[in-house]
Every structure is written in C-alpha cells, then in structure tokens.
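Tertiary structure, described
Chain residues, written in single-letter form:
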Amino acid sequence: MDELYREVLLEHYKNPQNSGKLINPDIVQKDSNPLCGDVVEFYLRLKEGKVTEVSFEGKGCVICMATSDILSEKFKGMSLDEIQSMQREEVLDILGLNLTHTRVKCAMLPLVAVKKGIIEFKSKGEKK
Ligand code: FES
C-alpha cells in the first residue's frame, strides 16, 4: 500500500497543481525546517471567512513539497479556524505513510507555516 502513496506523493512533487505566487494575497507566510533549512512560503486569499485560493513556493524534499501541494488543495474552502484545528494525525492520515520523526517534521512544515500565517493575520484584526 505504501507504494501507491509514494507514487501519489511523487506525482504531486513533480507536477504540483498549486505552486507559484498569488498576487495580493491576504496571508503570506514563510517558514523553514530547522533540521535541513528547507523553506516553504504560502499565499492564501480569503473571502467571507473562507480560503478561496492557495499557492506555495519553496525548496524542500519530496515529502515537504508534495504535502504542500496536497494541503493547498485541502485548505480551499476551509475556514481559518478549521485549518488552525488541524492536527498532525490528520496530515499523516492524508499522506498514508509511516514516517520517521525527522520525516514528520518535513510533512508538518506546510501546516505549521500556514498556521503561523493565520495567527499573524488574526493578530492584525483584519476581517474578510
Ligand atoms: Fe528538508 Fe524534508 S528534508 S523539509
């Protein structure tokens, strides 16, 4: 079964659907994995409290980049609160792989980055 998930991840890595920059996003957040220095930057656009567009740029391993693409798709249509309540287990379930502790950090970088961006956005008290 792992093989199927690996293929899906590789496909997202090679042909990401959500890579690139958004013009005038509501949320922009960069974060890096301190273990390897890899970086992701996320762009989110909001409308009426929901995420309508998401994209990302970065440099990272297959797991980090593929997870960025998969989660970008998942975030669309979610509220900021819903994204903030997402937990590690949910991300790992989506990926469907048994990951080592180091690799879990790779998989969590996208969600960690977006959550930081949401906290920053909310702290500015902006309403969308
Ligand atoms: Fe750097 Fe995975 S090795 S994010």
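So, here is what we can say about the structure in this document. (Residues numbered from 1 in each chain as written. Predicted model: local features only at pLDDT ≥ 70, side-chain atom pairs only at ≥ 80, totals over all residues. Heavy atoms only, no water.)

Glancing now at the sheet that holds strand β3 (residues 50-59). With antiparallel pairing, the three strands of this open sheet are ordered in space as β1-β2-β3. Only two strands of the sheet have a single partner each, and these edge strands are β1 (27-32) and β3. For this sheet, the mean inter-axis angle between neighbouring strands, taken without regard to orientation, is 15°. Inspection of the sheet shows β1 paired to strand β2 (residues 39-47) by six bridges, in the antiparallel sense. Bridging from a neighbouring strand, Ile27 pairs with Leu44 of β2. The sheet strands contacting helix α2 (residues 62-75) are β2 and β3, and the helix crosses β3 at an angle near 170°. Along the sheet, helix α5 (residues 101-123) makes contact with β1 and β2, crossing β1 at roughly 135°. (Pairing = 2+ DSSP bridges. Helix = DSSP H or I, 4+ residues; strand = E, 2+ residues; numbered from the N terminus. Axes fitted to C-alpha atoms, helices over the stretch in contact; angles between N-to-C directions. Contact = heavy atoms within 4.5 Å.)

Before going further, it helps to spend a moment on the environment of Ile27. One can find Ile27 in strand β1. Judged by its relative accessible area of 2%, Ile27 falls in the buried class. Residues Ile27 and Ser55 lie 28 residues apart in sequence; the distance between their C-alpha atoms is 11 Å. Ile27 has contacts with Phe42, Tyr43, Leu44, Leu46, Leu80, Gly117, Ile118 and Phe121, leaving out every residue within four places of it along the chain. (Buried < 20%, exposed > 50% of the residue type's maximum accessible area, 1.4 Å probe, protein only.)

Our focus in this paragraph is α2. When the terminal C-alpha atoms of α2 are compared, their 20 Å separation across 14 residues agrees well with the 20 Å that a helix rising 1.5 Å per residue should span. For α2, the tally of buried residues reaches 11 of 14 residues, placing the bulk of the element in the interior. Listed as buried for α2 are Ile63, Cys64, Met65, Ala66, Thr67, Ser68, Asp69, Ile70, Leu71, Ser72 and Phe75. Along its buried surface, α2 packs onto α1 (2-14), β2, β3, α3 (80-84), α4 (88-95) and α5. (Expected span 1.5 Å × (residues − 1).)

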